[in-house]
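So the chains spell out like this:
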Amino acid sequence: MKNNGIFETNVIMNFLEEINRRRTFGIVSHPDAGKTTLTEKLLLFGGAIQEAGAVKSQKIKKSATSDFMEIEKQRGISVSTSVLAFNYRDIKINILDTPGHKDFAEDTYRTLTAVDSVIVVIDVAKGVEEQTEKLVEVCKMRKIPIIVFINKLDREGKDGFDLLDEVEKKLNFKVCPLSFPIGMGYDFQGVYNLWEKNIMLFKEENKQKISESIKINNIDDPIVKELVGENAANKLVEEIEIINEVYPNFSEEDYLNCKQQPVFFGSALNNFGVKELLDCFISVAPPPTRKNSDERIVEPNENKFTGFIFKIHANMDPKHRDRLAFIKIVSGRFKRNTPYLHVRSNKKFKFSSPNAFFAEKKEIVNESFPGDIVGVHDSGNFKIGDSFSEGEKIIFKGIPSFSPEHFRYINNLDPMKSKQLAKGIDQLMDEGVAQLFILEMNGRKIIGTVGALQFEVIQYRLEHEYGAKCSYENLNIHKACWIETESNKSVEFLDFKKLKYKFLAKDKSGELVFLADSSFTLEMTKQKYPSLKFHNKSEF
Ligand code: G4P
């Protein structure tokens, strides 16, 4: 009995240690800022890959509309880069891939439901770009702690302070620089690391090596002048003074509560400043965090398994319709060959060959812990957002749909294949390729996507995977808004439904959506019906 007790204590200790040593995060950026390059360098530190280029060769290139099949093919390959896991020191790091191509932004939004923190990469010359703003908005909504990495310091770019200002203004951040560049572009000499109080000197030939840093006791140390020259040293002293006066000290609590964002400067391509970023990251970034469900908050250290699907990846081979569903483990241990409740269907499923991801390989695992991602085979039963448990009817929150940017009617071109078309549309929507809205007025189907490219992808896949042909019809819609009303019977709501019946549709969960044809109409409608709330996402 006593022995059993000790055994159990050890098991619990191990379980807690396993949770605490995990860091699951995503890297987000505007295309070309350096996300792939940074990911690759992080993998080098973990010894997960031997050479640079391994991730890059699998990345989705920013292609023109016409080669969407190429993109889809690369998406097929990119299953293995969907999760990149590696050990660094004692920490198990899970990087969740967030597609850089803007047409797959919806994938990225959803991946953000499964991360515990985020690193935002910004190009020193371009500053804060459009896609970064959108992605950061989603992170903030979910209160995800964020670290900023300003990249490409080896190139001419904006002044360090101007950039910090821009980041604060455009992203509405409270920044806290933890490193600062010494010179820039042609004059770039290195960075002063405020976090570890040392200087790293930049030597271009260090590309594949991990550069050494030079410890200094304080910024006035004469060694600084020796290292970078008198002018640069004097300038640095002034700059660090300004930083100390203007910016707050680093507060782990504020960072974790999304009230402060630490900033690092470096050059991913030259492997410069990456180790500093990683060392700070593993010490401050949160281990797997609790998650809200419809009924209660689920803590990672609960002993019963719960998890949810945040991504479904179609098999690119049409002969094998099986899909890979990615489950983020929220609590407890996930075990192979154990029946778990799929809450939406109220059926039990057990997985005989769950995949875990390590470096760029996937392998079958017997057991996984909170923070980890497992890939399970799905023959068409699962949807993004579905939860699994040991019996509890839990539904996780925070997996909303966002208003698409493009809308088109979808028509069946072959009346003999209407069943196939309906099935194909359903399954592609479950995968999250696009969103389906059904008009209240006449039951017509409308497809909404984030990027225009998705329409071609859907058409191609319907034909090749389901044998169904479709055509599209343009539709002038500005935004889809989910409606919140205090009462379904209020006079205002009933009047709104009557007046706008032509623009009302149901989403995949049967929620009411207003399809506004212009921003003007939307504004006018909001003014006319002040008691109704119009949300641009499905959860509020
Ligand atoms: P992304 O995933 O965010 O889209 O960006 P990616 O890493 O692919 O980087 C975009 C381009 O920027 C790449 O060049 C990459 O080599 C370059 N880059 C990344 N980090 C740095 C840096 O620190 N300094 C400089 N000077 N360049 C950097 P490319 O020519 O588009 O691609 P490739 O031919 O190198 O593959």
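Our subject is the structure listed above.
Calculation rules
- Residues numbered from 1 in each chain as written.
- Predicted model: local features only at pLDDT ≥ 70, side-chain atom pairs only at ≥ 80, totals over all residues.
- Heavy atoms only, no water.
- Phe/Tyr/Trp six-rings, centres within 6.5 Å; stacked < 30°, edge-to-face > 60°.
- Helix = DSSP H or I, 4+ residues; strand = E, 2+ residues; numbered from the N terminus.
- Buried < 20%, exposed > 50% of the residue type's maximum accessible area, 1.4 Å probe, protein only.
- Lys NZ or Arg CZ within 6 Å of the ring centre and 35° of its normal.
- Salt bridge = Lys/Arg side-chain N within 4 Å of Asp/Glu carboxyl O.
- Pairing = 2+ DSSP bridges.
- Axes fitted to C-alpha atoms, helices over the stretch in contact; angles between N-to-C directions.
- Parallel < 35°, antiparallel > 145°, perpendicular 65-115°, else oblique.
- Contact = heavy atoms within 4.5 Å.
- Nonpolar A, V, L, I, M, F, W, Y, C, P; charged D, E, K, R; others polar.

Tallied over the full model, the rule gives 28 aromatic pairs. Centre to centre, the rings of F188 and F272 are 5.5 Å apart; their planes meet at 85°, and the pair counts as edge-to-face. Taken together, the residues F188 in the loop between β7 (179-182) and β8 (190-193) and F272 in the loop between β11 (261-265) and α10 (274-284) connect sequence positions 84 residues apart. Overall, F188 belongs to the buried group, its relative accessible area being 6%. When its relative accessible area of 1% is taken as the criterion, F272 is described as buried. Seen from the ring of F326, K311 lies directly overhead, with NZ or CZ sitting 5.9 Å from the centre.

This brings us to the pattern of salt bridges. Opposite charge on two side chains allows them to pair when their charged atoms are near. For the structure shown, the criterion picks out 25 salt bridges. As a salt-bridge pair, D372 and R22 come within 2.8 Å of each other at their nearest N and O atoms. Taken together, the residues span a long stretch of sequence, with D372 in the loop between β21 (367-368) and β22 (373-378) and R22 in strand β1 (residues 22-29) at a distance of 350 residues. This pair shows no difference in class: D372 is buried, exactly as R22 is. Overlapping salt bridges bring together E18, R21, R22, K92 and D372 as one network.

Attention shifts here to the sheet that holds strand β2 (residues 83-88). Each strand in a sheet pairs with another by means of backbone hydrogen bonds, the pair being arranged parallel or else antiparallel. Taken in spatial order, the seven strands make up an open sheet running β2-β3-β1-β4-β5-β11-β6, and their pairing is mixed. Every other strand in the sheet has two partners, leaving β2 and β6 (175-177) as the edge strands with one partner each. Averaged over neighbouring strand pairs, the angle between their axes works out to 30° when direction is ignored. As defined by bridge partners, β1 adjoins strand β3 (residues 91-96) across five bridges and the pair is classed as parallel. The partner of F25 across the bridge, within β3, is I95.

Right, let's get into the pairing of strand β26 (residues 445-449). Within β26, four of the five residues are buried, which leaves the element mostly enclosed by the surrounding structure. Judged from the four bridges that link them, strand β25 (residues 435-439) and β26 form a sheet pairing that is antiparallel. Residue pairing across strands places F437 opposite I446, the latter belonging to β26. In sequence, β25 turns back onto β26 through a hairpin of five residues, with G443 there showing a positive phi of about 75°.

Time to look at the packing of helix α2 (residues 35-45) against α10. Relative orientation of the contacting elements α2 and α10 amounts to 70°, with a least axis distance of 10 Å. Classified by the interaxial angle, the pair formed by α2 and α10 is roughly perpendicular. Residue-level contacts link L38, K41, L42 and F45 of α2 to V274, K275, L277 and L278 of α10. Here the residues of the contact of α2 with α10 sort into six nonpolar, no polar and two charged.

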